[in-house]
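Structural description and commentary
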Amino acid sequence: MGKYDFDQIIDRRNTDSIKWDWGLKRKGRDDLLPMWVADMDFRLPDEVLGEIEGRVHHGIFGYTDPGDTYLDLVRGWMEKRHAAHIENDWITVTPGVVYSIAMSIRAFTKKGDAILVQQPVYYPFMRTIEINDRKVVNSQLVLRDGHYEIDFEDFEKKIEENDVRMFILCSPHNPVGRVWTRDELMRIADICGRHQVYVYADEIHSDFTYPGHEHVSFVNIAGAQGEDVRYILGTSASKTFNLAGLQVANIVIPDEDMRKVFRKESDAVGYSQPNVLGMVATMSCYRNGEKWLDELLEYLSGNLDYIRIFLRDRLPQVKLVEPEGTYLVWLDFSEVVEDHKELEKLIVDGAHLWLDPGIIFGRETALFERINIACPRHFIEKAMEQLLDAVLNLKSEGDQETLTV
Ligand SMILES: Cc1ncc(COP(=O)(O)O)c(C=O)c1O
């Protein structure tokens, strides 16, 4: 029995949570069990809450800038959890990782330039590229025997054919759950280095890996590469400790000139100091949160085991793509439905679930759904039962149709 109770159910309704309070606005109904957006339904440990409360009671929230203590803690965390050596100067604090992707796109590419992604991938990558008038180029990940892989020939060909200027790497990869190996990352660095492609390494999920898989930070790849690859790395305690509403991310840029260009771009949109409570929470989590995180990782493994066994024993038509990292699970419904509209109907009207449909991650994955498992086990059990009922009903509806024809 661990110290922390991840089974505890805390009502998040009426907190303006986009996961729990926006069903009516976004889905037209408020009776769905929400397991979509990547935040967690767990409470932070008291050690952290106490420090945030202490700062709240101080009562003054003027402009605040991250000092050495903050930067040491961010650097220390990357060193301790990922053996990634960085320097304090390399860090720039921003209100989010996606914000920093937008700033990088604007700083290091120009309108009309091509930017590479690997679909299926976190949909704001495509939106951020497009809204900044750049062109999305996709090198599709390949699903082989239940495991997603990079087609390196296609990856390089797409770069050459489109004169790609930047690649947005998702490491670990949302939604397919791959934790890229050192070899894969070295090949990426080699190709991008040879073609002078900037790499934006989004490592926001780096603290979530399952046993047997180890996150390799791009810091340890780019440095090891004979060919220099220019990169920006995005990380944040917001995913690891569920601080997304506090708006703080840490962007690592080793190259001094690139750092200046990035900071100028961020200045140009009028951003200056970070959210003070976000800073306090980040520091406290990195100082006091390790044990909580280690227990959380075990709990998530348990949630994953539950889903794996449930699907294997009771709903084998739905295939789990075994994740190596992240708390997002990618499910294949291609044996159950024939198109994405049918799938949406099954998930929403049949199972009363709010998941993220595969089609938003890329056209080729219209028969997939992404489910967020960072919630008390009770919700996982409920979701699986509701899904099973929906699939069984679909089958019996199908049988009746055949009978009445
Ligand atoms: C891969 C990835 N990058 C970035 C984000 C969001 O980061 P932020 O809220 O700091 O913009 C998410 C959130 O789900 C994500 O999955």
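Anything mentioned here points back to the structure above.
Residues numbered from 1 in each chain as written. Predicted model: local features only at pLDDT ≥ 70, side-chain atom pairs only at ≥ 80, totals over all residues. Heavy atoms only, no water.

1. Notes on the site of the ligand
Stated precisely, the cut-off is as follows: Definition of nearness: a residue and a molecule or strand are near each other if at least one heavy atom of the residue lies within 4 Å of the molecule or strand. Two N or O atoms count as a polar contact when they lie within 3.5 Å, although within protein this holds only if one can serve as hydrogen donor and the other as acceptor, and sequence-adjacent residues are included solely when both atoms are side-chain atoms. Polar here means any residue outside two lists: the nonpolar Ala, Val, Leu, Ile, Met, Phe, Trp, Tyr, Cys and Pro, and the charged Asp, Glu, Lys and Arg; Gly therefore counts as polar.
In the vicinity of the ligand, the contacting residues are Ala38, Gly96, Val97, Val98, Tyr122, Cys170, Asn174, Asp202, Ile204, His205 and Lys239. Interatomic distance of 2.7 Å between a backbone N/O atom of Val97 and an oxygen atom of the ligand. Taken together, the residues of the shell around the ligand break down into 6 nonpolar, 3 polar and 2 charged.

2. A word on the sheet that holds strand β15 (residues 368-372)
What counts here: Strand pairing is assigned whenever DSSP identifies at least 2 bridges connecting the two strands. Each helix corresponds to a stretch of at least 4 residues labelled H or I by DSSP, and each strand to a stretch of at least 2 residues labelled E; elements are numbered beginning at the N terminus. Note on contacts: a residue pair is in contact if any heavy atoms of the two residues lie within 4.5 Å. Working convention: axes come from line fits to C-alpha atoms, limited for helices to the stretch in contact. Angles between N-to-C directions cover 0 to 180 degrees.
Read across the open sheet, the 4 strands follow the order β11-β12-β15-β14; overall the sheet is antiparallel. Every other strand in the sheet has two partners, leaving β11 (319-321) and β14 (356-357) as the edge strands with one partner each. Sheet analysis places strand β12 (residues 328-332) next to β15, joined by 5 bridges and oriented antiparallel. Note on β15: the bridge partner recorded for Leu331 is Glu369. In the packing of helix α12 (residues 290-314) onto the sheet, the strands contacted are β11 and β12, and the crossing angle to β11 comes to about 150 degrees.

3. Quick word on the packing of aromatic side chains
For clarity, the threshold we go by: Two rings from Phe, Tyr or Trp (for Trp, the six-membered ring) form a pair when their centres sit within 6.5 Å of each other. Planes less than 30 degrees apart are called stacked, planes more than 60 degrees apart edge-to-face, and all others tilted. Think of it in three bands: with a 1.4 Å probe and only protein chains considered, a residue is buried below 20% of the maximum accessible area for its type, exposed above 50%, and partly exposed in between. By the criterion adopted, a ring carries a charge over it if an Arg CZ or a Lys NZ lies within 6 Å of its centre and within 35 degrees of its normal.
Across all of its chains, the model carries 22 aromatic pairs by this definition. Between Phe6 and Tyr299, the ring centres sit 5.6 Å apart and the planes meet at 40 degrees, which makes this aromatic pair tilted. Here Tyr299 lies in helix α12 and Phe6 lies in the segment before α1 (23-27), a separation of 293 residues in the sequence. For the pair Phe6 and Tyr299, one class covers both residues: buried. Over the aromatic face of Trp22 sits the side chain of Lys25, whose NZ or CZ is 4.4 Å from the ring centroid.

4. Looking at the pattern of salt bridges
Keep this limit in mind: What makes a salt bridge here is a side-chain nitrogen of Lys or Arg within 4 Å of a carboxyl oxygen of Asp or Glu, nothing more.
Overall, the coordinates contain 32 salt bridges when judged by the stated rule. One salt bridge connects Asp72 with Arg75, and the closest N-O pair in it is separated by 3.1 Å. Linking Asp72 with Arg75, this pair stays in helix α3 (residues 68-82), spanning 3 residues, or about one helical turn. A residue is classified by how much of its surface remains accessible, and Asp72, at 34% relative accessible area, is partly exposed. The exposure class assigned to Arg75 is partly exposed, which follows from its relative accessible area of 27%. In this structure, the salt-bridge partner of Glu256 is Lys260, at a minimum N-O distance of 3.9 Å. With a gap of 4 residues between them, Glu256 and Lys260 both fall in helix α10 (residues 256-268), about one helical turn apart. Judged by its relative accessible area of 47%, Glu256 falls in the partly exposed class.

5. Observations regarding the sheet that holds strand β4 (residues 135-138)
On the basis of which strands lie adjacent, the open sheet formed by 7 strands has the order β2-β10-β9-β8-β7-β3-β4 and mixed pairing. Two strands close off the open sheet at either side, each with one partner strand: β2 (91-94) and β4. Recorded for the sheet is a direction-independent mean angle of 25 degrees between the axes of neighbouring strands. Two elements, strand β8 (residues 198-202) and strand β9 (residues 231-235), share 4 bridges in a ladder whose sense is parallel. Counterpart to Val199 in the pairing with β9 is Tyr231.

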